[in-house]
Structure formats: C-alpha cells, structure tokens
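Summary of structural features
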Amino acid sequence: MSEGSTDPAGRGVDGDSDRADPADSVDRDPADGDSTDGDPDRVRDLVGVGLGPFDLGLAALIEGSDDVPLSAVFLEQKPAFVWHEGMLIEGTTLEVPFLADLVTLADPTNPYSYLNYLRERDRLYEFYFYETFQIPRREYDDYCRWVAETLECARFSRRVVDVEPVGKEHPEANFRVTAVRPEDPAEPAATDPDAPGVERYRYLARDLVVGVGSRPYVPEAFRGFPDDEVFHTAGYLPNRESVLEAESIAVVGSGQSAAEVFQNLLDRQPEHGYRLDWVTRSDGFFPMEYSKLGLQHFTPEYTDYVYDLPQPLKDDLIPEQDLLYKGIDPDTSDEIYEALYEHSVGDRDPDVGMIAMTEVEGIERVGPGRYRVDCRQRQEDTAFAFETEAVVLGTGYHRPTPSFLSSLEPRIDRDEHGRPRVGREYALEGDLPGEVFVQNAEVHTHGVGAPDLGLGTYRNAVILDRLLADSPYPVDRNTVFQDFSPARYVEHAPAGRLRGEAEGADSGGRTGDDRGRPAEPPRGDD
C-alpha cells in the first residue's frame, strides 16, 4: 500500500481508549511467559515504537484530548524516559524556545504542556522571573520524564524485536508487534515462538509509528579503544571525572555537542591543568544560523517546499545547509572565546590548540593511556599528528533501519540510494497493510527540519490528521512572512505571474489565499 492510498475516515473511532481502560495492565501467562498487556485479541489503532520526545509528544496529544478517539500504546526499551543523558551538562539550554515542548504548538491548552508541568511542579513564578525562552536542558529532560510517567499508554522495558503483517485470523488488525524485556537473558530467542523462558509482549495494531531516534556514530577507524579514553560526546558525563584526570584531552568535531564538551573542559582547565585540543574538518568554528529570518527554514511551509523538490535537487541542497543545524550556538561561541580571553590574561598561555579544515584520519594507541591522532589539513594537504591521553568524538549520529522491521522490508519502497521513500504525511511508501509513520527519519525527503523539536508537534498534528476523520489539532500552513516557491509568491505580488503565463491569466488565486483571506501586500524583497 502506498502512502495516501487509504481513507482515514472512520479510522480509530471505535471508542476504545487506553485512557478509559484501567484494566489495561500486564496480564501474564505463567506457563509460557507471554504477555499481551490485556486481551490478546485486542486491536489498537496505533502502536508506537520508541519514546523519545517525538513519539512522546504524539502520545501526549492523543491522551491530552477527549476528542482523539484512538486506542494507542507506545513501547520503549529503556526502563524510564531519558534524553541524551550523557550531554545534560550543567548550564546548557535547549536550542529552541520552550514553546517547542511536546504539545503547545498544536494545543496550548493541553495538560502535558511545559507551562502546566511548571504549574504541577510549583515552579511557575520561578520561571516567570527567569525571563528567557531557552530553558535548561536538564529541565527539559525532567519535563519529558514527568509526561512519560503520567501517560497511561507508555510502556517501558519493552524492546520491540519483530513487526509482521497479520493474517486473516485478525481481520481488523494489520500488524503484530512482538516485544521482550531487554534484560531477559533469553532475549536472542525472543522471536522464536517456541523458545522457552522468554517473556514476550504481543500487540495487534492497525497502524504503527516508529520513533526510535538516532544512534551515536563512531567511524570505524576510531573504534576498539577503552570506552573511558576514546568515546562519543553522548558518553561525556559518565566519563567526565576520569577524563579530567588526563594530562591532555582532544575534542573532535565542531557541532554544538563538541562545542559544549570543549567549553565544559575549558572551564575546568585552570583547576586540572590539562592540555586541550579541538580539531574539526569543517571550514571553521562557525555559528549556527539563528537569525529570525533564517529560522523560517524550520517551518511547515519550508518543509512542504523541500518535499516538492526533485530528489536529486534535495540531495544537493541539504548538505549545503549544515549551518542551519550543525553549527555552534552563537552564545556558546561567545562564551568559549570569553573563557579563552580570560585564561590568557597576564600574558598567560591557555594551553589550547584549535584547528579547522582538518580531517582526523586515524587514532593509534602508542602506550598505556596515550594516543596519537593522525590528521590532514585539507587546504594545504598537509599531514600531521599529535598525542593526547583522551579523545572525545563529536562525530554525529546516524539512523540505521531498525532490525525489527526486517519482516516488512520486502514491502518498503526505497530509492536508488537505499533510503526509504517517505510520503508527505510521514508514512513509509510501499505495499504495506497499514500505515507505518516515521519520526525523524525523513531528512532526505522533508529537509533539515526533520530532527527539529519545534517541528515535531507539527509532524504529529499531520499524523493525527491522517488517522482521524476530524482531528482537533490544526495542521498549520500559513506561519511565515516569506515565500519559498515562485508559484506561492506570485499569488500575492501585484500583477504577479509565472513567466510563460498569458498576460492577465489567473495565477492560482492572487485575490486571496487558500483559506479565503484577502491577498497580502507585496513583501518587499529586494
């Protein structure tokens, strides 16, 4: 089934809601360890896999309104909600305003909003005097945990191991989802129906949403070293105390995570006295685009514009937009420079090395707790090396296809690069029996806004609009002051038309927009 081939009218309107089902607790058969979280023949409208912020937000929109008649359950392999726990560094903040919480941009009255969290935590006045849009990252994590602990549809310690189409024995279901407890020693045999001693959980679903997030990426050449000496930024906090004892530390990469680690180590350098190096293959330690006009690339309009572009054009465009989402927060950049300046007062040497345009080609252990970092500055094509006792890798994240989708793999359409084809409404395209929506797996089709927390709520509103005949959440369309496509621009421009159109021809409604509003005046672009 290709995306867009089913009629959402009447989907999930059987009145069966997890919110109204206090009996929806785990029922176990002690004979075989099988668990179905209730009636084994119960068919849920939606089963979610993963409980990061995006799926958590979808769950909150479902439970937060009496006008969403969907029965849903969300499965997460971890025992509790955690969000980038290795990077919850003191003093760091979200890169987006608090309004980009789990629900507010779709429903400011939702009980799972960040402001209601503050009310429930009795911190509303403290936040009022805090007077900032960017909230502490640790508080965002606490807010999400508060939501996760409140939701009735959240199931933790459930590792999904298989998703398969359902046969005729369950005509109302499209998928069977099998999960196990991650700590179960018999987990490798979990998909074997005859395997003894495995505590399985099975769920029937009409539709799925997959939001398993990304994984830290460590290049092959940087693997195989002690985890407390060479590690990804995702493991920074657990390893920080041991790293602070090193005589020298190198940070690789120039994204926000690498910058925050470098800043945190720089702040502690006077006390510990280590050498600190920062190496990046980027052209410089450049700031992330954070101007108000630049941020309009993280909007529903720009997402639709990118989606409509030919795929080869998208493949050329997206890598060129790295500073929209891969640079350094301007405040972080300023604070790093100010710390370097402070450390150099009195003609002191801050004992810091920074170099850009430099690829780290390899890391070699040259002694106990000692590593040689082999580099090449690409502009001069000069190879060089230096030694250090610890390396923190800001080498990004990747999103491999989850292994639990292997049963569905033959039914999923992929492009010539092996990437899944994702429809406009975030469902995988292919010959699938029901919808399989994806969260943050569509950069190649929808653009750089896919990982953005501020667009997560919009994506969830689109998904619910797809599932429900009458969703209570609006799908926002008219949100920015600029146009991205000429066709849209000429709708509002005086005598605007696409070249090649006949003089006086209607360009598609220049006298008003698609909501019946009067035409806007020209936007005055130079």
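What counts and how
- Residues numbered from 1 in each chain as written.
- Predicted model: local features only at pLDDT ≥ 70, side-chain atom pairs only at ≥ 80, totals over all residues.
- Heavy atoms only, no water.
- Pairing = 2+ DSSP bridges.
- Helix = DSSP H or I, 4+ residues; strand = E, 2+ residues; numbered from the N terminus.
- Axes fitted to C-alpha atoms, helices over the stretch in contact; angles between N-to-C directions.
- Contact = heavy atoms within 4.5 Å.
- Patch = residues over 30% accessible without salt bridge, like charges linked within 9 Å, V, L, I, M, F, W, Y side chains within 5 Å.
- Areas by Shrake-Rupley, 256 points an atom, 1.4 Å probe, with all protein chains shown as cover.
- Salt bridge = Lys/Arg side-chain N within 4 Å of Asp/Glu carboxyl O.
- Lys, Arg positive; Asp, Glu negative; His and termini not counted.
- Charge placed at Lys NZ, Arg CZ, Asp CG, Glu CD.
- Expected span 1.5 Å × (residues − 1).
- Buried < 20%, exposed > 50% of the residue type's maximum accessible area, 1.4 Å probe, protein only.

Another aspect to go through is the sheet that holds strand β13 (residues 352-355). The strands making up a sheet associate through hydrogen bonds between their backbones, and the pairing can be parallel or antiparallel. Ordered in space as β10-β17-β11-β12-β13, the five strands form an open sheet in which the pairing is parallel. Lying at the two open borders of the sheet, with one neighbouring strand each, are β10 (230-232) and β13. Shown here is a sheet whose adjacent strand axes are inclined to one another by a mean of 15°, direction ignored. Both strand β12 (residues 275-279) and β13 contribute to a ladder of four bridges, which runs parallel. Within β13, the residue paired with W278 across the bridge is M354. Most of the contacts of helix α6 (residues 256-272) go to β12, to which it runs at about 165°, and overall it touches β11 (248-252), β12, β13 and β17 (390-393).

On the surface, D267, D331, D334, E335 and E338 cluster together to form a negatively charged patch. In this fold, E335 is placed in helix α9 (residues 330-343).

Right, let's get into α6. End to end, α6 covers 24 Å across 17 residues, agreeing with the expected 24 Å (1.5 Å per residue, within 8%). Of all the positions in α6, only Q256, A258, A259, E260, V261, F262, Q263, N264, L265, L266 and Q269 are classed as buried. Directly beyond the C-terminal end of α6, a positive phi value near 75° is found at G273.

So, on to the sheet that holds strand β16 (residues 382-388). Reading across the sheet, the three strands line up as β14-β15-β16 and stay open at both edges, with antiparallel pairing between neighbours. A single partner strand is all that each edge strand has here, and the edge strands are β14 (358-367) and β16. Across the sheet, the mean angle separating the axes of adjacent strands is 20° when strand polarity is ignored. Bridge analysis of strand β15 (residues 370-377) against β16 gives seven bridges, and the strand direction is antiparallel. Each residue of the ladder has a partner; that of R372, found in β16, is E387.

Nothing here speaks to function; it is geometry throughout.
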